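Understanding the architecture of this molecule
These are the residues of each chain, in order.
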Amino acid sequence: MEENTVTTTADFSATTATDTSPPPQRRSICGNCSRPLPVCLCHALPASPIPTATQIIIVQHPHESHHKLNTIPLLTRSLLHATAFISRKLRPNLHPLLDSLRNNINDNDHSPRAIYLFPPSSSSPAVSLSELKNMLNEGDGGRGLVLIVFDATWKHAREMVKASEGYLGQFALRVCLDGGLNEEAEGGSIYESELVLRKEPCGGCVTTAEAVARFLRVVEPNGPEIESKIIGSLREMVRLQARFLKPMKPRPRLLRQSNQKD
C-alpha cells in the first residue's frame, strides 16, 4: 500500500474581509484512504489491492459521494480492478469498456459477460446469484466477467437503473442476490448495535460494498477470502464513524393507507 500522505481542507466560503472571527479549523485528510485522520481506514484495508478476474464498474449517484458512510473508496482501494465514476445513468460513449461489450456481442456465447446487480421488478426480471453460478459452470466458468453496480439510495438507484436499462439491456444480464427483497420486513443496519448509522429501507437491502462482496464470493476462486476482507473493512469503517455520531432510533414504518384504521 502506498505511504500515507496528509492534506488539509477548510471551508472559507462564509469568510468576508471584515470578519474578525477565527478562521475555520482545518481538517486533516488521509491521502491514501481519503478519510479524515480520526477515522482513517488504512489499517483495515488490504496491504495491496486484491486482484480479481472480475472487473467491477461502480456508477455512483452525485449525492452519494458526499455521504460519511460512502463505501466506494473502500472498494476501489481494496480491489485492483474496481473503478467508479459519477453519473445518473449509463448511456453510449460514457464508458469505453461497456461500449466495447455492447458492440461485440457474441450470439453464440451463452455464458454472460456483463452483469448488472439489482433486484428484479415486475417489468424487469433478474436471475439469482445461484442461478448465475450454474450458468457460469456450464460456460467458461465466469472468466472475464464485468460487474456493474449502482451506488445510491434505493430511490435514486431505482431511477438510475430504469434510466439505464435501454442501454444495459443490449448486452448485460440483470442479477439479484439470493433471497431478494422483502418490502414488508424491517430493514437492517450495517452496525449491529443500538446505534443505527444508516438504516436500510427493507429486508434484503445491503450496502454496495456488501453486495459486491457477496457477488465475488460466488464467482471468484478465492471469493470467501475476498468477501471476508471487504466485510471486515466495512465493519471497521462503521465502528470508527460511530464514535462521532449520536445514536438514532429508526423511524417507525409507515402503515399503508389502506391498512390504517380509525
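In this report, we go over the structure that sits alongside the text. The structure presented is a predicted model; accordingly, all values stated were derived computationally and were not measured.

1. Considerations on the overall build of the protein
Looking only at helices and strands, the protein has six helices and eight strands in total. Listed by position from the N terminus, the elements making up the protein come as β-β-β-α-β-α-β-β-α-β-α-β-α-α. For the protein, the accessible area works out to roughly 15200 Å², and carbon and sulfur atoms hold 50% of it.

2. Overview of the sheet that holds strand E8 (residues 172-176)
Here six strands make up an open sheet; going across it, the order is E4-E3-E7-E5-E8-E6 and the pairing parallel. Either end of the sheet is taken by a strand with one partner, and the two such strands are strand E4 (82-86) and strand E6 (127-128). Sheet analysis places strand E5 (residues 114-117) next to strand E7 (residues 146-151), joined by three bridges and oriented parallel. Bridging across to E7, Ala114 finds its partner in Val146. Against the sheet, helix H5 (residues 208-219) engages strand E3 (55-60), E5 and E7, with an angle of about 160° to E7.

3. Brief notes about the nonpolar core
With 42 residues, the main nonpolar core has Leu79, Phe215, Leu216 and Ile230 as its most contacted residues. Looking at this core, the elements with two or more residues in it are E3, helix H1 (72-78), E5, helix H3 (129-138), E7, H5 and helix H6 (223-242). Per-element accounting of this core gives the leading share, eight residues, to H5. Residues contacting Leu216, with those up to four places away along its chain left out, are Thr54, Ile56, Leu79, Gly223, Ile226 and Ile230. If you look at the next biggest cluster of nonpolar residues, it comprises 21 residues, including Leu90, Met160, Leu168 and Phe171.

4. A closer look at the side chain of Ser164
One can find Ser164 in helix H4 (residues 154-168). Side-chain polar atoms of Ser164 contact the backbone oxygen of Met160, separated by 2.7 Å. Each residue touching Ser164, except ones within four places of it in the same chain, is listed here: Lys89, Leu90 and Phe150.

5. A look at the side chain of His61
Examined against the element boundaries, His61 turns out to sit in the loop between E3 and H1. Overall, His61 belongs to the buried group, its relative accessible area being 2%. Every residue in contact with His61, bar those within four places of it in the chain, is listed here: Ile86, Ser87, Arg88, Asp151, Ala152, His156 and Met160.

6. Details of the packing of aromatic side chains
One pass over the full model with this rule turns up two aromatic pairs. Plain terms: the ring middles of Phe118 and Trp154 are 5.7 Å apart, the flat faces sit at 40° to each other, and that makes the pair tilted. In this pair, Phe118 is assigned in the loop between E5 and E6 and Trp154 in helix H4, connecting sequence segments 36 residues apart. Grouping residues by exposure puts Phe118 and Trp154 together as buried. Measuring from centroid to centroid gives 5.2 Å for Tyr167 and Phe171, while their planes differ by 80°, and the two rings are edge-to-face. For Tyr167, a relative accessible area of 4% puts it in the buried group. The exposure class assigned to Phe171 is buried, which follows from its relative accessible area of 13%.

7. Looking at the state of the cysteines
Counted according to the given criterion, the structure contains zero disulfides. Not part of a disulfide, Cys33 finds its nearest cysteine sulfur in Cys30, a span of 3.8 Å. Judged by relative accessible area, which is 3%, Cys33 ranks as buried.

8. As for unusual backbone geometry
Positioned with a positive phi, Ser34 is a non-glycine residue whose angle comes to about 65°. Topologically, Ser34 is positioned in the loop between strand E2 (27-30) and E3. Judged by its relative accessible area of 42%, Ser34 is partly exposed. Positive phi is not limited to glycine here, since Asn93 has a value of about 70°. Structurally, the position occupied by Asn93 is in the loop between E4 and helix H2 (96-103).

Rules and cut-offs
Residues numbered from 1 in each chain as written. Predicted model: local features only at pLDDT ≥ 70, side-chain atom pairs only at ≥ 80, totals over all residues. Heavy atoms only, no water. Helix = DSSP H or I, 4+ residues; strand = E, 2+ residues; numbered from the N terminus. Areas by Shrake-Rupley, 256 points an atom, 1.4 Å probe, with all protein chains shown as cover. Pairing = 2+ DSSP bridges. Contact = heavy atoms within 4.5 Å. Axes fitted to C-alpha atoms, helices over the stretch in contact; angles between N-to-C directions. Core = buried A, V, L, I, M, F, W, Y, C linked by side-chain atoms within 4.5 Å. Buried < 20%, exposed > 50% of the residue type's maximum accessible area, 1.4 Å probe, protein only. Polar contact = N/O pair within 3.5 Å; in protein donor to acceptor, adjacent residues only side chain to side chain. Phe/Tyr/Trp six-rings, centres within 6.5 Å; stacked < 30°, edge-to-face > 60°. Disulfide = S-S within 2.5 Å.

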